Amino acid sequence: MTDTTVHLGANQYGKAEVRLVRVTRDTERHEIEDLTITTQLRGAALADSYTDGDNAKVVATDTQKNTVYAFAREHGVHSPEEFLLRLGRHFTTAFDWYDGATLSAEQHAWSRIPVDGTPHDHAFVRSGGGTRTAVVQFDGDDVHVLAGVTDLTVLKSTGSEFHGFPRDRYTTLGETDDRILATSVTARWRYLPEAVEAGIDWNALHASVLERMLATFADLHSLALQQTLFAMGRAAIEAHPELAEVRFSMPNKHHFLVDLAPFGLDNPNEVFFAADRPYGLISGTVVRDGIAEAPAAWATVPAFV
């Protein structure tokens, strides 16, 4: 029997999915911010906790959770990016044995309920326009900020084609010059470090990036979902000098024309079957020319590309 040795590899720990709702009551018109926050801390000093059960350098995950709530009260939220930056700076300076941290957030949107045509001051309904995401990476002295969106479902009823693909004896898909194009967009974009350092209006910029992406989806006459993906990323980068790159995952939400001929009916692209699986899954990255790669920005972030 041979001797076997092991060593501790990459690791991190923290509190996952802390549910935070912050109500601002400065006036009779309340504001609500609803987030799910995850904190993950890492550092060489944590090795003893894994190998020997020594917790001297382990800030309890319960403490991390409580810090989220205390910071929300003391500083407010304002934007997911700003809130995560503040949390990360605290954890990596108050406990200087941490080499890095990954802080992530999902923001759940609410809209005001209209009453007699007027938005109510303190009654809300959950919005359905996708979920805003943010990730802040602390890697030594470097800080990287990723913003994004997930579950952003979009559809165009025309203005999309798909043809010219290879055919073999297993190919049954017909070519089309007019189809429904639908997808659920997951996107993350990385801000240039110099833009982060200079200061960013996080909420306004996030809204503007989404506006450019959605306008491109709507206006582009698409020959493939891949073409649409690239055009959306290019439009966002061209319009916003703060962006270094955009990563996408876009499943093709297929809509198949129903054959109504057995019932004596035609179907001029009006009645479709929406199939949930299987589905084409398209992913890709659009990168600004001339910028340095930043693998540390994406380390420990769940990959979809």
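As shown above, the structure is provided for reference.
Keep in mind it's a predicted model, so treat the numbers as computed, not measured. (Residues numbered from 1 in each chain as written. Predicted model: local features only at pLDDT ≥ 70, side-chain atom pairs only at ≥ 80, totals over all residues. Heavy atoms only, no water.)

> What exactly am I supposed to notice about helix H3 (residues 80-94) here?
Because the α-helix completes a turn every 3.6 residues, residues three or four places apart line up on one side. Across its 15 residues, H3 extends 21 Å between first and last C-alpha, which sits within 8% of the 21 Å expected from 1.5 Å per residue. Looking at H3, one finds that the buried residues are Pro80, Glu81, Phe83, Leu84, Leu85, Leu87, Gly88, Phe91 and Thr92. (Helix = DSSP H or I, 4+ residues; strand = E, 2+ residues; numbered from the N terminus. Expected span 1.5 Å × (residues − 1). Buried < 20%, exposed > 50% of the residue type's maximum accessible area, 1.4 Å probe, protein only.)

> Which parts of the structure should I look at to understand the packing of aromatic side chains?
The geometry of an aromatic ring pair is captured by the separation of the ring centres together with the interplanar angle, meaning the angle of the planes. Counted under the stated rule, the structure contains five aromatic pairs. Considering the side-chain rings of Phe95 and Tyr98, the 6.4 Å spacing of their centres and the 75° angle between planes classify their relative orientation as edge-to-face. Note on Tyr98: relative accessible area 4%, which makes it buried. Plain terms: the ring middles of Trp97 and Tyr98 are 5.9 Å apart, the flat faces sit at 50° to each other, and that makes the pair tilted. Positioned above the aromatic ring of Trp298, the side-chain terminus of Arg247 is 3.9 Å from the ring centre. (Phe/Tyr/Trp six-rings, centres within 6.5 Å; stacked < 30°, edge-to-face > 60°. Lys NZ or Arg CZ within 6 Å of the ring centre and 35° of its normal.)

> I keep staring at the side chain of Thr133 and nothing clicks. Help me out?
In this structure, Thr133 sits in strand E6 (residues 131-139). Residues in contact with Thr133, not counting those within four places in the same chain, are Glu81, Ala105, Glu106, Leu146, Ala147, Gly148, Val149, Thr150, Ala187 and Arg188. (Contact = heavy atoms within 4.5 Å.)

> I tried to follow the packing of H3 against helix H5 (residues 202-219) on my own but got confused; where do I start?
Packed helices, taken two at a time, are described by the angle between their axes plus the distance between the axes. The interhelical angle for the contact between H3 and H5, taken along N-to-C directions, is 130°, at an axis separation of 8 Å. Regarding the angle of H3 to H5, the classification is oblique. Taken together, the residues of H5 that come into contact with H3 (itself represented by Pro80, Glu81, Glu82 and Leu85) are Trp202, Asn203 and His206. In terms of residue class, the contact of H3 with H5 is made up of three nonpolar, two polar and two charged. (Axes fitted to C-alpha atoms, helices over the stretch in contact; angles between N-to-C directions. Parallel < 35°, antiparallel > 145°, perpendicular 65-115°, else oblique. Nonpolar A, V, L, I, M, F, W, Y, C, P; charged D, E, K, R; others polar.)

> Which parts of the structure should I look at to understand the pattern of salt bridges?
In a structure, side chains of opposite charge can pair up when their charged atoms sit close to one another. Enumeration over the complete set of coordinates arrives at ten salt bridges. In this structure, Asp121 and Arg29 form a salt bridge, with 3.6 Å as the shortest nitrogen-oxygen distance. Note that Asp121 is positioned in strand E5 (residues 118-126) and Arg29 in the loop between strand E1 (18-24) and strand E2 (31-42), a separation of 92 residues in sequence. Judged by its relative accessible area of 38%, Arg29 falls in the partly exposed class. Between Glu245 and Arg247 there is a salt bridge, with its nearest N and O atoms 3.5 Å apart. Given a relative accessible area of 6%, Glu245 falls into the buried group. Members of the salt-bridge network, linked through shared partners, are Arg19, Asp34 and Arg126. (Salt bridge = Lys/Arg side-chain N within 4 Å of Asp/Glu carboxyl O.)

> Help me understand the packing of H5 against helix H6 (residues 225-239) in this model?
Put simply, H5 and H6 touch, their axes get as near as 8 Å, and they point 140° apart. Classified by the angle between their axes, H5 and H6 sit oblique to one another. With respect to the hand of their crossing, H5 and H6 are arranged in right-handed fashion. Taken together, the residues of H6 that come into contact with H5 (itself represented by Val209, Arg212, Met213, Thr216 and Phe217) are Thr228, Ala231, Met232, Ala235, Ala236 and Ala239. In the contact of H5 with H6, the residues fall into eight nonpolar, two polar and one charged. (Left-handed = near helix turned anticlockwise from the far one by under 90°.)

In short, the description is geometric, and any link to function would need to be established separately.
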